[in-house]
Amino acid sequence: MMKRAHENLGKVVEVGSAVRKVKVGQYVVLPFNIACGFCKQCERGLTNYCLTMQPEPSAAGAAYGFADMGPYQGGQAEYLRVPYGDFNALRLGEDAEERQLDYVMLADIFPTGYHATEMAGVKPGDQTVVFGAGPVGLMGELEAQGKVPIGFGKLWFKGRRIGTGQAPVKRYNRMLRDLIAGGKAEPSWVVSHELGLDEAPSGYQHFDRRDEGWTKVVLHPDGSR
Ligand SMILES: [Zn+2]
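Predicted, not measured: the structure shown is a model, and the values here were computed from it.

K.L.:
Just give me the short version of the coordination of the zinc ion, but keep the residues and values in it.
P.N.:
Looking at the zinc ion, the protein donor atoms are Cys36 (SG), Cys39 (SG), Cys42 (SG) and Cys50 (SG), and they sit 2.3 to 2.4 Å from it. Angles of 103 to 115 degrees at the metal separate the 4 donor atoms of the zinc ion, which places the site in the tetrahedral class. By relative accessible area, Cys50 is classed as buried at 2%.

K.L.:
Please provide a residue-by-residue account of the packing of aromatic side chains, values included.
P.N.:
All told, the structure shown has 3 aromatic pairs when counted by the stated rule. With a centroid separation of 5.6 Å and 80 degrees between ring planes, the pair formed by Phe38 and Tyr84 is classed as edge-to-face. You can see Phe38 sitting in the loop between strand S2 (27–30) and helix H1 (40–43) and its partner Tyr84 sitting in the loop between H1 and helix H2 (85–88), a full 46 residues away along the chain. For Phe38, a relative accessible area of 49% translates into the label partly exposed. The class for Tyr84 is partly exposed, based on a relative accessible area of 39%. Arranged with centres 5.6 Å apart and planes meeting at 65 degrees, the rings of Trp156 and Phe157 form a pair that is edge-to-face. Here Trp156 and Phe157 have matching classes, each one exposed. The ring of Tyr204 carries Arg4 above its face, with NZ or CZ at 5.5 Å from the centroid.

K.L.:
Talk me through unusual backbone geometry; I want residue IDs and the actual numbers.
P.N.:
Working note: non-glycine residues mostly have negative phi, and peptide bonds are mostly trans. For Ala5, which is not glycine, the phi dihedral falls at a positive 105 degrees. With respect to the secondary-structure elements, Ala5 resides in the segment before strand S1 (8–11). A relative accessible area of 17% means that Ala5 is categorised as buried. The phi torsion at Tyr84 lies on the positive side, around 45 degrees, for a residue other than glycine.

Definitions and limits used
- Residues numbered from 1 in each chain as written.
- Predicted model: local features only at pLDDT ≥ 70, side-chain atom pairs only at ≥ 80, totals over all residues.
- Heavy atoms only, no water.
- Donors = N, O, S within 2.8 Å, 3.2 Å for Na, K, Ca; no water.
- Tetrahedral: all angles 85-135°; square planar, octahedral: opposite > 155°, others 65-115°.
- Buried < 20%, exposed > 50% of the residue type's maximum accessible area, 1.4 Å probe, protein only.
- Phe/Tyr/Trp six-rings, centres within 6.5 Å; stacked < 30°, edge-to-face > 60°.
- Helix = DSSP H or I, 4+ residues; strand = E, 2+ residues; numbered from the N terminus.
- Lys NZ or Arg CZ within 6 Å of the ring centre and 35° of its normal.

See the structure below:
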């Protein structure tokens, strides 16, 4: 059975023989995109569409524990295998354990919200509207300020553009990590609950029902919270 969870942070307990940079004992955060670093798409910075880790042409992108995104296990487990560790793992500093709720947001929603503002060409001082205020939308709101809503029928008339797609997390995660480390961003504000692995089913139920106050759940497989 495939374990879920594509947003992962953890402490390295073992490395493969080809891994040079990442060391046992370091904390790392993993882009949800699993990428090789040497294919045509990766070389263009499109790690979200890596051709090595997702060779199936009708699909797009690979991820941990995600339907139709390759055979990779997710992080709702005591241990997680990371392919191409040096390329996929972003190392964290000495404050990693203490500030893991901030850093774990680098796996997906913080860079994904940022990517949305990049695609929209949002500049400081712009007005924006964020549709879909789930965890990612809330992150986008943090990073953007304004954009006027417009009917789809008028898109062509007004020359509007629409951007879609998975975020290439590696394009942003190092810069956003340094914003966190420098005290300029605290994306953990979106976290509403921290649960152990055995409490995950009830967390999903609350989230599915859109229960008030359940904005983002962080699971601690090691039971540390
Ligand atoms: Zn690749």
